Amino acid sequence: MVPNEKQMERFRTLTQIPGISAHEMRVRDYMKRELSRFCPELVYDNLGSVFGVKKSRRPNAPKLMMGGHMDEVGFIVKQITPKGLIKFFPIGRTWEHVIMAQRVTVYSSITGQGYPGCVASIPPHLLPEDSAKKLLSIDQMLVDIGAASREDVLAAGIRPGDMIVIDGPFVPLFGGAKLLAKAWDNRFGCCLALDVLEEVADEDLGVDLYIGATVQEESGLRGARTAAFTIDPDLSIVFESSAANDNMGDPEELGQQGKGVLLRYIDRTSITHRGIFMYSTRLAEDKGIPFQHFMALGGTDSGEIHTTRSGCPSITVGVPSRYIHTNSSMMTYDDYAAAKAFALAFLRSMDRETYERDILSYSR
């Protein structure tokens, strides 16, 4: 299975928009434009999260909050050296092994212009043998945009706090069966939210649907906290690109590409509500949707959403992506299709009676 031309263009566009935590403005503009095509009403929190609202015509419909997060991992400008090199600070968790010698773009927050460059690396020819075998820490690395002095960098409009994004072009592999790009964590969730909304745009659902994307997930699930407080949902589905663990070929490892959607039962920030988890696995089985039980050492927006106000049953639904938090993460389209099929099945099956009987009853 491969994406169609329209889907391919959405993937390409969303993965290539730069947007780290607190710098999601460009991603949000795209999401606002696409959400407004199907939702006359948009809601925001004051940090920048945005959700389209599709109200049910049925009385007392539960609120379902559904979506991903806009931000990707990256860096900000920390200091500018007299020679015009840039010291940088990580936003989100990025492994030092994958940073050296990468191409990057530094974005001026004054002009909006992006300046290409690279992470400076000293060739091994110029290092003592013992130093050449050691990994540099991020605070020892520099970004070089070709400037000759600090004054050149300042004249370009670059200041401390400005965004730095590692370049990672969108490349379909084997006709689109697999998809290589930066930022699948979590433009996957943004793409899926828009695809799902477009699919149900003309349907009367049994829920009031709030669908979109949060900000600042990679820096501490901050947008999830404020967005959930704003929406006050009854239940939630979080779309998330999760780390595949299948590179070595062990079939027992969690997160196998090509084996279907990931239904997460626990991670560092939440234990999935048993009602919504049991309902989700039964639904996938009944509909013949390939799925995998999944647990993770990290966390997702569910970590904040499930504790909002009096509590919100929430589940993280995802795809296994290889090499996340690098400029070359890889997703399998079959897994994306399974995630979409599951999200649509859940959305179309949910109403007040089902919510109280099959989900909320586990809490009462």
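An account of the accompanying structure is given in this report. (Residues numbered from 1 in each chain as written. Predicted model: local features only at pLDDT ≥ 70, side-chain atom pairs only at ≥ 80, totals over all residues. Heavy atoms only, no water.)

Now for the pattern of salt bridges. With the rule as written, the count across this model stands at 18 salt bridges. Note that Glu203 and Arg348 form a salt bridge whose closest N and O atoms lie 2.7 Å from each other. Pair noted here: Glu203 is in the loop between α5 (184-200) and β12 (208-214) and Arg348 is in helix α9 (residues 333-349), with a separation of 145 residues, a long-range link. A relative accessible area of 26% places Glu203 in the partly exposed class. (Salt bridge = Lys/Arg side-chain N within 4 Å of Asp/Glu carboxyl O. Helix = DSSP H or I, 4+ residues; strand = E, 2+ residues; numbered from the N terminus. Buried < 20%, exposed > 50% of the residue type's maximum accessible area, 1.4 Å probe, protein only.)

The subject of this paragraph is the environment of Gly19. Along the chain, the position of Gly19 falls in the loop between α1 (5-16) and α2 (25-36). Between the alpha carbons of Gly19 and Gly299 there is a distance of 20 Å; along the sequence they are 280 residues apart. The residues touching Gly19, leaving out its near neighbours within four places in the chain, are Glu24, Val27, Met70, Asp71, Glu72, Met163, Val165 and Arg187. (Contact = heavy atoms within 4.5 Å.)

On to the packing of aromatic side chains, then. Under the counting rule described, the total for this entry stands at 10 aromatic pairs. The interplanar angle of 85° and the centroid separation of 5.8 Å between the aromatic rings of Phe188 and Tyr336 together place this pair among those described as edge-to-face. A residue pair is termed long-range when its members are at least 10 positions apart, and Phe188 in helix α5 and Tyr336 in helix α9 qualify at 148 residues. Each member of the pair, Phe188 together with Tyr336, is buried. Three or more aromatic residues link up through ring pairs in this structure, and these residues are Phe11, Phe170, Trp184, Phe188, Tyr333 and Tyr336. For the cation-ring pair, Arg309 lies above Phe229, with the distance from its terminal atom to the ring centre recorded as 3.9 Å. (Phe/Tyr/Trp six-rings, centres within 6.5 Å; stacked < 30°, edge-to-face > 60°. Lys NZ or Arg CZ within 6 Å of the ring centre and 35° of its normal.)

The next subject is the sheet that holds strand β14 (residues 261-266). Taking strand neighbours across the sheet as the criterion, the eight strands line up as β1-β2-β12-β3-β13-β16-β14-β15 in an open arrangement whose pairing is mixed. Both edges of this open sheet fall to β1 (41-44) and β15 (291-295), since each of them pairs with a single strand only. Recorded for the sheet is a direction-independent mean angle of 30° between the axes of neighbouring strands. Sheet topology note: the β14/β15 ladder contains five bridges and is parallel. The residue bridging Leu263 from the neighbouring strand is His293, located in β15. (Pairing = 2+ DSSP bridges. Axes fitted to C-alpha atoms, helices over the stretch in contact; angles between N-to-C directions.)

Quick look at empty space enclosed by the protein now. Enumeration over the complete set of coordinates arrives at three cavities of 30 Å³ or more. As a volume, the largest cavity reaches approximately 150 Å³. Lining the largest cavity are 16 residues, and of these Glu72, Val73, His325, Thr326 and Asn327 sit closest to its centre. Mapped by element, the contributors of at least two residues to the lining of the largest cavity are β4 (74-80), β9 (163-166) and α5. Taken together, the residues that form the lining of the largest cavity break down as seven nonpolar, six polar and three charged. Looking at the second largest cavity, its volume works out to about 40 Å³. Forming the walls of the second largest cavity are Phe51, Met65, Met66, Gly67, Gly68, Thr214, Ser236, Ile237, Val238, Asp301 and Ile305. Where the lining of the second largest cavity is concerned, the elements lending two or more residues are β3 (63-69) and β13 (235-243). Broken down by element, the residue count for the lining of the second largest cavity peaks at four residues, all from β3. (1 Å grid on protein atoms, 1.4 Å probe; cavity = no way out; pocket = protein on both sides within 12 Å on 5 of 7 lines; lining within 4 Å. Points joined across faces, edges and corners; volume = space filled by probe spheres on them. Nonpolar A, V, L, I, M, F, W, Y, C, P; charged D, E, K, R; others polar.)

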